[in-house]
Every structure is written in structure tokens, then in C-alpha cells.
Amino acid sequence: MRKIPNKRAQSMKAKQRANITFRMNILFFSIFVLFTMLILRLGYLQIVKGEEYTSYLARKEEVPVNTSVPRGRIFDSEGRIMVDNLPQRAITYTKMQTTKSKEMYEIAEELSLLIEKEPDDITKSDLQDFWLKKYPEEALELVTDKERKAIEADEDLEKKDRSRAIDRLTRDRITEEQLNSFTPEELEVIAIYRVMASGYALSPQIIKGDDVKEEVTVEEFARVSERLSELEGVNTTTDWRRIKTSSLAILGSTTLPKVGIPKDRLDYFLSRDYSRNDRVGTSYIEQQYEEVLQGQKSVVKNITDGKGRVFDIQTVYEGEPGKDLVLTMDSEIQLAQEEILAEELLKYSNSPGGKYLEHAYFIMMDPYSGEVLSLVGKRVGKNEKTGTKEINDYAFGAFTNAYEVGSTVKPGTILTGYREGVYSIGSILVDEPIRIKGSESKSSVFNRYGSIRMSDLQAIERSSNVYMFKTAYGVAGRTYKANQPINFGKDAFLKMRSGYAQLGLGALTGIDLPGEVSGETGNFEDGKLLDLSIGQFDTYTTLQLAQFVATLANGGSRIQPHVVKEIREPSEDGVQLGKVVKEMAPIILNTVDNTRAEIEQVRKGMKLVYFGSKGTARSAFGNAPFTGGGKTGTAQSSEWDAKLRTNINTVNLTHVGFIPYDNPEIAYALVIPDASLESTYKTNFSTPIAKRLVDKYFEIKKKNNATTAGDSTSTPLIKPAFTNDKIDEEETE
């Protein structure tokens with residue numbers, strides 16, 4: 001009999017097969033998706049992120065190393081060296097990530113037999129470290145078991161803090177007698193070790209050769225060089241010392257390798273691949289142009305074994321010296337003007353009214369290019385050895401100190417009067433004592449009581465205070481009436497200061513040096529607007545005055561001053577300067593909102609100051625063999641007397657000018673703060689000093705032009721320094 005198939009069982013099997021097939025499909029699909037994701041991820045890592053990870057790996061293997069590449073040199077405008085590098089022998093040590101202190105001590109002991117190292121910089125902590133290493137058993141006995149257990153049982157302390165507490169207690173119990181028991185030979189080992197240990201992994205430390213008082217001898221250099229294979233991490237190399245041929249402060253200074261990067265800028269430099277012991281610029285030109293002068297360190301690749309120990313180092317990039325700077329200043333002119341200002345400052349500080357005279361500043365610049373042709377600052381000091389008065393460099397004070405400058409601002413006041421519609425070119429105002437209700441009268445020095453009709457040109461020539469006072473009235477929208485109270489308002493101050501700022505007064509000049517200040521502005525007091533108009537309220541720097549007169553000289557363009565003329569590649573032959581990398585082009589910061597005719601009118605008034613029959617500088621400049629224009633200034637000031645515990649009234653003297661009148665070659669400013677006691681002030685001696693400084697410039701230029709006539713050298717030659725002075729970097733620390 002035929003068996004009837006079980007349809008239900010068949011149906012169940014069919015369902016099972018279908019379920020398995022479905023699951024297999026899901027599995028295969030999942031595997032497909034996972035492989036697809038893996039392939040896409042690998043493609044992303046290789047194609048999109050490949051370059052980034054390759055670069056990251058290179059950074060891990062390739063390490064910038066401080067190989068003491070020469071820092072860029074600094075030359076004057078004539079190619080004379082002002083800051084140079086003096087090569088010197090050096091012995092260095094570079095520890096690896098795996099280096100142990102015991103290994104460093106062993107190397108220090110071997111080095112102590114080959115070189116002499118003074119233990120001058122050893123600290124108490126260094127002595128304690130060495131004592132703990134030399135007498136480990138005695139060190140354990142300094143802390144009793146009971147004390148040790150008490151510290152370890154202190155639940156308020158973490159494990160690492162407990163160890164520190166025990167170590168601190170141990171060190172405190174090392175006696176002075178024990179620390180003073182080391183032999184001279186041991187002290188030498190300690191001195192070497194402390195330098196080796198102070199560095200970071202892969203950062204070379206100079207064991208000997210970074211101190212002018214501790215130079216590496218030829219014999220020491222040879223002895224160490226012969227045994228380099230036995231002294232792991234030790235190397236003999238050439239380091240460089242920074243040498244100046246000028247005391248000019250704005251050249252700046254650098255740190256020594258033993259000091260390295262200043263702590264307050266550590267993160268900044270480390271993020272730029274500097275080493276902690278790198279020499280970096282800390283002031284003025286050296287600081288401003290750090291990235292140009294620094295150079296590029298060599299890059300090496302560390303080859304490690306399976307345990308991560310370095311067994312070979314390969315050079316990837318040789319490195320290159322820093323680029324050179326060519327300054328805008330001729331060191332011969334700079335030095336000559338320094339000597340003049342120092343001589344005059346010493347003379348007048350010894351005069352009866354010169355008790356508080358301590359500083360003098362002079363800046364000369366090209367009014368069209370902004371090149372600073374000379375930057376002179378002098379300060380009265382006292383010789384530490386003899387106790388006698390001496391004059392020191394204080395050039396940076398020309399842009400970091402601000403003073404009330406007096407009547408030299410008056411050309412700016414008149415230009416503000418034109419711009420604000422107070423009057424037009426050639427306008428006549430009456431110079432008369434200004435009488436304000438409740439205040440003392442204010443007048444011009446040459447007219448205390450009368451009434452004189454005066455034009456804008458005459459106001460500049462004779463330095464009329466009243467013309468400026470009435471200008472201030474007009475800027476405030478007021479008309480002067482005798483014996484009336486004043487109410488000018490804040491807007492008048494803003495307009496006056498805006499007019500001055502367009503010319504450079506009260507605004508940063510933008511010079512390529514750090515530390516510049518903008519000066520101080522006083523409060524909005526109605527009566528002070530008149531003082532502001534004659535330079536007796538706000539304060540300005542000497543550099544601002546120089547930019548101010550340069551703006552007038554060139555017809556109204558405020559040019560950014562700069563002390564670096566060119567950046568050049570290092571010299572290839574030591575005879576000619578390297579190729580020009582960058583030439584500093586003139587930068588116009590703004591153009592004055594006055595017509596050319598208005599600016600020219602002010603320039604004519606300044607010409608009368610020098611050559612007019614009543615010009616305030618006629619006595620010094622009236623017979624000059626050149627044309628030009630200028631403005632004199634005096635300002636009431638005060639100086640704090642610590643002994644008398646009171647302010648003493650003094651007078652600031654100023655002078656600005658430009659030469660020649662047509663197409664000016666130079667613009668200059670002279671500031672002598674607290675030049676005289678107000679009670680003994682008799683004459684503005686800044687004017688004859690300015691004349692001496694200007695004459696010296698043209699004298700030197702004439703001599704040098706005659707000497708170099710017909711010179712067709714296309715590439716400037718490197719010339720020796722103008723002086724034989726050698727100022728080591730350590731002397732400026």
C-alpha cells in the first residue's frame with residue numbers, strides 16, 4: 001500500500017530551508033557591508049589622511065636639533081658690520097629618552113678627566129643630589145622607620161606626594177658639613193652633571209663653551225674629540241657668540257644658551273620647533289626680526305632598535321644660517337650724532353639750571369621712504385667705579401618715553417584750523433592777551449600786553465600762542481570775547497586730537513621695533529583745550545615728532561618709519577653681501593585731510609622760522625648753506641624731587657625741521673625734557689644743538705659722496721665696523 005506523504009512535515013522543512021537561506025543572505029550581506037566599510041576606511045586613511053599621517057610619523061622620527069647655526073648678522077646702510085657672530089669651540093651633551101642618571105654620572109666622571117669645569121653654578125640641591133647618590137645607605141638612615149611609616153600611612157597624601165615628603169625630609173637632614181665634604185674633583189663632576197641633567201631629551205646642552213670666562217681650550221677640544229666613541233651623547237662642535245660693534249641699544253639682545261627661551265614665551269617658541277636652550281632675541285631688532293635672524297636648525301632621524309634605544313642618527317636636513325639685516329642707518333653718522341648729543345647733554349646737565357636734565361633724544365628720517373637715518377637717545381648716569389657722571393645710550397627712550405613738546409605742534413594746530421573751517425590760507429587774527437573769567441591771562445611770549453595783527457605765516461614764524469588759542473576757540477565753534485567764561489565741550493578735543501593724529505602726534509608710528517608707546521592724553525577740561533593747541537597738555541614721543549615733521553615735509557603722507565632697509569641671504573664668500581630677499585618699501589599709513597595748498601602754506605611758515613626776519617630759529621639757521629623749514633618749542637613741565645618730596649617746575653625744549661625745502665632729504669626731531677629749571681630758563685638751546693646735528697649729517701654725506709664717486713660695484717661689499725668696539729653678548733645680559 002502506497003504511503004501518503006506528510007504535507008505538514010514537508011512544509012516545515014521548506015520553511016526551515018527558507019529561514020536558513022534568509023539568514024545566510026543576511027550574513028553574507030553583513031560581511032559585504034563590513035568589507036565595504038573596511039575598504040572605504042582604508043581608502044580614506046590612505047588617500048585623504050595619508051599625507052597627514054605620513055607627516056605625523058616623520059615628526060615622530062625626524063627631530064629638529066639645535067646645531068648652533070649662525071644667527072643672521074646685522075649691517076648698517078653702508079654694509080658695515082654692527083652685530084656679528086664669533087665662532088668658538090664647544091663641548092655638548094645630548095641625552096636620549098632612555099638615558100639614565102647613572103649613565104650621565106659615569107660620562108660626567110669621564111669628562112671631568114678631560115676638561116676643566118668651574119663649579120661656580122652649583123646649587124645646594126645639586127650637592128644634595130650627589131650626596132644621596134654617593135651615600136645611599138647613610139641617606140636611608142636619615143629618616144627613621146617610624147617616620148617613614150607615619151608618612152606612608154597618611155591618607156591625605158597621594159602615593160607620589162608621600163615619596164616627595166620622605167625625600168624632602170631626607171634632604172633637610174643632610175648637614176652642611178656633609179655637603180662641604182666633596183673634593184674639588186667631585187665638585188667638577190657635579191658641575192658637569194648638572195648641565196647634562198638640565199636639558200631635555202634630544203636637546204643638546206653646552207657643557208663648556210657658552211661662557212666667555214670659560215672657553216674650551218685647543219687641548220680640551222682635541223682630548224674629547226679623540227674619545228667621542230666612548231662618550232655616548234657627547235660631541236665637539238662650534239658654537240657662536242653674539243658680538244656688537246656698537247652700543248646702540250635698539251640693536252637689541254639675545255639670551256645665552258644657558259638661559260634659553262624666556263619662561264613667559266616658552267609655549268610660543270616651543271610651538272615653533274625651538275629648543276628650550278635656544279638663543280632667542282629678547283629686545284628691539286633682535287626680538288622684532290627673530291624669525292628672520294634665527295636660521296633653520298638641522299633635522300635628524302633617530303634609528304632605534306626593538307627596545308626603542310637609539311643606535312644611529314641620520315641627517316635629513318643640514319640646516320642653514322639666519323638671514324642678514326641691513327639697517328637704514330649709517331653707523332658713522334649715527335655715532336657722530338651720538339657724540340654731539342652726549343657732549344651737549346653733559347654740558348647742559350652741569351649748568352646751573354640743569355639739575356633735572358637727564359635725557360636727550362634725536363631722530364632723523366627720510367620723509368619719503370620712512371627710513372630712520374639716525375636714532376639717538378642719551379641718558380645721564382653715574383660710573384659705578386669712579387662715581388663720576390657719565391652719558392649712556394638710551395636710544396629706545398625716543399619711542400618709549402613721551403613728553404609735552406610745546407610749540408612744535410603749532411603747524412598741526414593751523415592745519416586743523418584750515419580743515420575745520422576756522423579760517424582760510426592767509427587769514428589775519430589779532431595777537432592779544434586772552435582774558436578768561438576767573439583765570440589768569442594767557443599770551444604770546446613776544447606780546448604780553450599789546451595787540452598785533454598777524455597772519456598764519458607770521459604765527460608760525462614768531463610762534464604765536466594767541467593765534468593757536470583763537471584757533472581752538474574756532475574748532476569748538478566759539479568766538480573769543482574778553483572776560484567771558486569758556487565752555488568748549490568734548491568734541492573740540494576730539495577734533496584737535498584727530499588733526500594731530502593724522503600727522504602722527506598721539507598715534508603709534510608703526511615702527512618695526514617693540515615697545516613703542518602712543519603717549520598720554522589728558523582729561524576733557526575746557527581750559528585745557530587752549531593748552532592742547534600749543535603742545536602743553538598731551539604728551540608725544542620723539543619718534544612721533546619726527547613722523548609729524550616728515551608728514552609736513554613730504555606734502556601730507558604719513559609714512560611708517562622703519563629701521564631695517566633690507567633682508568638678505570647670508571654672504572656666500574664673506575666679501576659681498578648676500579642676495580636681497582626683501583626690500584622694505586614705503587608704507588603710507590594715511591594722507592592728511594588738508595589741501596596741498598594748505599600744507600604748503602604751513603611749510604612756508606616753517607621756512608620763515610629758519611630764514612624770516614623774526615624767525616625763532618633764525619640765529620642758528622639764518623645763514624645756513626641750505627634751505628629748509630622748522631619749528632622750535634618749549635613746554636612747561638615738572639620733575640618729582642624725591643628728597644624735597646615735591647614737584648619742581650622745569651622746561652622741555654624741542655625742535656623739528658626738514659632740509660632742503662624743495663624735495664626734502666631729511667626730517668628730524670630733537671627733544672630735551674626737563675632741560676632747565678623754569679626759574680632759571682633763558683634760551684632755547686635745542687636749536688643750536690639741532691643745527692650741529694644737521695651740519696654733521698651733511699658733512700659726512702659730502703665726504704663719503706666724494707670718496708665713493710665713480711664706484712660702480714653692483715653688489716655692496718661687506719665693510720669692517722666703523723669702530724673697534726667689541727661688546728660680547730654676555731655683557732648685555
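See above for the structure.
What comes next is a walk through the structure. Quick caveat: nothing in here was measured; it's all calculated off a predicted structure.

## Quick notes on the packing of aromatic side chains
Here comes step 1: Throughout the structure, instances matching the rule amount to 24 aromatic pairs.
Here comes step 2: Judged by centre distance (6.0 Å) and plane angle (80 degrees), the rings of tyrosine 284 and phenylalanine 399 are edge-to-face. With a gap of 115 residues between them, tyrosine 284 in helix H12 (residues 284-288) and phenylalanine 399 in helix H15 (residues 397-400) connect regions that are remote in the sequence.
Here comes step 3: When its relative accessible area of 16% is taken as the criterion, tyrosine 284 is described as buried.
Here comes step 4: Judged by relative accessible area, which is 0%, phenylalanine 399 ranks as buried.
Here comes step 5: A connected cluster of aromatic rings, assembled from ring pairs, spans Tyr284, Tyr361, Tyr394, Phe396, Phe399 and Tyr403.
Here comes step 6: Looking at lysine 133, its charged tip hangs above the ring of tyrosine 105, at a distance of 4.7 Å from the centre.
Here comes step 7: The ring of tyrosine 268 is capped by arginine 265, whose NZ or CZ atom sits 4.7 Å from the centre of that ring.

## Some remarks on the pattern of salt bridges
Here comes step 1: Enumeration according to the criterion identifies 34 salt bridges in this entry.
Here comes step 2: Across the pair aspartate 330 and arginine 80 runs a salt bridge, and its minimum N-O distance is 2.8 Å. With aspartate 330 in the loop between strand E8 (324-327) and helix H14 (331-349) and arginine 80 in the loop between strand E2 (74-75) and strand E3 (81-93), this residue pair connects regions lying 250 residues apart in the sequence.
Here comes step 3: Overall, arginine 80 belongs to the buried group, its relative accessible area being 10%.
Here comes step 4: As a salt-bridge pair, glutamate 186 and lysine 134 come within 2.2 Å of each other at their nearest N and O atoms. Separated by 52 residues along the polypeptide, glutamate 186 in helix H9 (residues 184-198) and lysine 134 in helix H4 (residues 124-134) bring together distant segments of the chain.
Here comes step 5: For lysine 134, a relative accessible area of 37% gives the class partly exposed.

## Section: the pairing of strand E20 (residues 629-641)
Here comes step 1: Pairing geometry for E20 and strand E21 (residues 646-659), over 13 bridges, is antiparallel. Looking across to E21, one finds that glycine 629 is bridged to phenylalanine 658.
Here comes step 2: Taken together, E20 and the strand that follows it, E21, pair antiparallel across an intervening segment of four residues, in which arginine 645 is found at a positive phi of about 55 degrees.

## Things to note about empty space enclosed by the protein
Here comes step 1: Using the criterion set out here, one finds two cavities of 30 Å³ or more in the structure.
Here comes step 2: If you add up the space inside the second largest cavity, you get close to 30 Å³.
Here comes step 3: Every residue lining the second largest cavity is listed: Leu341, Glu344, Leu345, Tyr348, Leu357, Ala360, Ile672, Phe685 and Ile689.
Here comes step 4: If you tally residues by element for the lining of the second largest cavity, the top one is H14, at four residues.

## With respect to a negative patch on the surface
Here comes step 1: On the surface, a cluster of negative charge is made up of Glu103, Glu106, Glu109 and Glu232.
Here comes step 2: With respect to the helices and strands, the residue glutamate 109 is situated in helix H3 (residues 101-112).

## Here we look at H3
Here comes step 1: With 12 residues, H3 ought to run about 16 Å at 1.5 Å a step, and its terminal C-alpha atoms sit 16 Å apart, in line with that.
Here comes step 2: The complete set of buried residues in H3 reads Met104, Tyr105, Ile107, Ala108, Leu111 and Ser112. Buried residues of H3, seen end-on, are gathered within an arc of 165 degrees and therefore sit on one face of the element.
Here comes step 3: As for H3, its buried residues are in contact with E3, H4, H9, helix H10 (218-226) and strand E5 (234-244).

## Considerations on the side chain of serine 676
Here comes step 1: Along the chain, the position of serine 676 falls in strand E22 (residues 666-677).
Here comes step 2: Among the residues examined, serine 676 registers a relative accessible area of 8% and is labelled buried.
Here comes step 3: Among the polar contacts made by the side chain of serine 676, one reaches the side chain of threonine 680 at a distance of 3.5 Å.
Here comes step 4: If near-sequence neighbours (up to four positions away) are discounted, serine 676 is found in contact with Gly353, Thr650, Val651 and Tyr681.

## Observations regarding the sheet that holds strand E9 (residues 359-365)
Here comes step 1: On the basis of which strands lie adjacent, the open sheet formed by six strands has the order E11-E10-E9-E22-E21-E20 and antiparallel pairing. A single partner strand is all that each edge strand has here, and the edge strands are strand E11 (389-393) and E20. Direction aside, neighbouring strands of the sheet carry axes that sit 15 degrees apart on average.
Here comes step 2: Bridge analysis of strand E10 (residues 372-382) against E11 gives five bridges, and the strand direction is antiparallel. By the bridge assignment for E11, lysine 382 is matched with lysine 389.
Here comes step 3: Taken strand by strand, helix H22 (residues 596-611) contacts E20, E21 and E22, and its axis lies near 75 degrees from that of E20.

## Some words on the nonpolar core
Here comes step 1: Among the nonpolar cores identified, the biggest contains 113 residues, and Ile250 and Leu375 are the most heavily contacted of them.
Here comes step 2: Those residues in contact with leucine 375, other than ones at most four positions away along the chain, are Leu248, Ile250, Met329, Gln334, Phe362, Ile363, Ala395, Ala398, Phe399 and Ile511.
Here comes step 3: In terms of nonpolar packing, the next biggest core, distinct from the first, is built from 31 residues, Ala108, Leu179, Ile192 and Val195 among them.

## Observations regarding the packing of H4 against H9
Here comes step 1: Close contact between H4 and H9 brings their axes to 10 Å; oriented N to C, the two are set at 110 degrees. As summarised for this structure, H4 and H9 are arranged roughly perpendicular, according to the angle between their axes. In the packing of H4 onto H9, the handedness of the crossing is right-handed. Contacts from Asp126, Leu127, Phe130 and Lys134 in H4 reach Glu186, Leu187, Val189, Ile190 and Arg194 in H9.
Here comes step 2: Taken together, the residues of the contact of H4 with H9 sort by class into five nonpolar, no polar and four charged.

Conventions and cut-offs
Here the residue index of a chain counts from 1 through its sequence in written order. Given that this is a predicted model, residues contribute local features only at a pLDDT of at least 70 and side-chain atom pairs are listed and counted only at 80 or more, while totals for whole chains, interfaces and linings are drawn from all residues. The basis for every side-chain value is the complete set of heavy atoms in the structure, and neither hydrogens nor water enter the calculation. Centres within 6.5 Å make a pair out of two Phe, Tyr or Trp rings, where for Trp the six-membered ring is used; the pair is then stacked when the planes are under 30 degrees apart, edge-to-face when over 60, and tilted otherwise. The numbering of helices and of strands both runs from the N terminus, where a helix is a DSSP run of H or I of at least 4 residues and a strand a run of E of at least 2. Each residue is placed in one exposure class: buried if its accessible area under a 1.4 Å probe, protein chains only, is under 20% of its type's maximum, exposed if it is over 50%, and partly exposed if it falls in between. We call a charge positioned above a ring when the Lys NZ or Arg CZ atom is no farther than 6 Å from the ring centre and deviates by at most 35 degrees from the ring normal. What makes a salt bridge here is a side-chain nitrogen of Lys or Arg within 4 Å of a carboxyl oxygen of Asp or Glu, nothing more. When DSSP finds two or more bridges between two strands, those strands count as paired. Cavities and pockets are defined on a 1 Å grid built over the protein atoms alone: a cavity is a set of grid points where a 1.4 Å probe fits but cannot escape, while a pocket is an open set with protein on both sides within 12 Å along at least five of seven lines, and lining residues are those with an atom within 4 Å of any such point. Grid points are joined across faces, edges and corners, and a volume is the space filled by probe spheres set on the points. Exposure above 30% relative accessible area and the lack of any salt bridge qualify a residue for a patch; like charges then connect within 9 Å, and the nonpolar side chains Val, Leu, Ile, Met, Phe, Trp and Tyr within 5 Å. Here the Shrake-Rupley method, with its probe set to 1.4 Å, supplies the accessible areas, and only the displayed protein chains count as covering residues. In this charge count, Lys and Arg are treated as positive and Asp and Glu as negative; neither His nor the chain ends contribute. Charged groups are reduced to one reference atom each: NZ for lysine, CZ for arginine, CG for aspartic acid, CD for glutamic acid. Residue count minus one, scaled by 1.5 Å, sets the expected span of a helix. Of all possible arcs, the one meant is that of the directions from the helix axis to the C-beta atoms. Residue contacts follow a heavy-atom distance rule, with two residues in contact if any of their heavy atoms lie within 4.5 Å. Whenever two N or O atoms come within 3.5 Å, that pair is a polar contact, provided that in protein one can donate a hydrogen and the other can accept it, and provided that, for residues adjacent in sequence, both atoms are side-chain atoms. With axes taken as lines fitted to C-alpha atoms, and helix axes fitted only over the stretch in contact, angles between N-to-C directions fall between 0 and 180 degrees. By nonpolar core is meant a set of buried Ala, Val, Leu, Ile, Met, Phe, Trp, Tyr and Cys residues that side-chain atoms within 4.5 Å join together. Reported orientations rely on four angle classes, namely roughly parallel under 35 degrees, roughly antiparallel over 145, roughly perpendicular from 65 to 115, and oblique for the rest. Note: crossing handedness is left-handed where the near helix turns anticlockwise from the far helix by less than a right angle, and right-handed where it turns clockwise. Gly falls in the polar group here, along with every residue not listed as nonpolar (Ala, Val, Leu, Ile, Met, Phe, Trp, Tyr, Cys, Pro) or charged (Asp, Glu, Lys, Arg).

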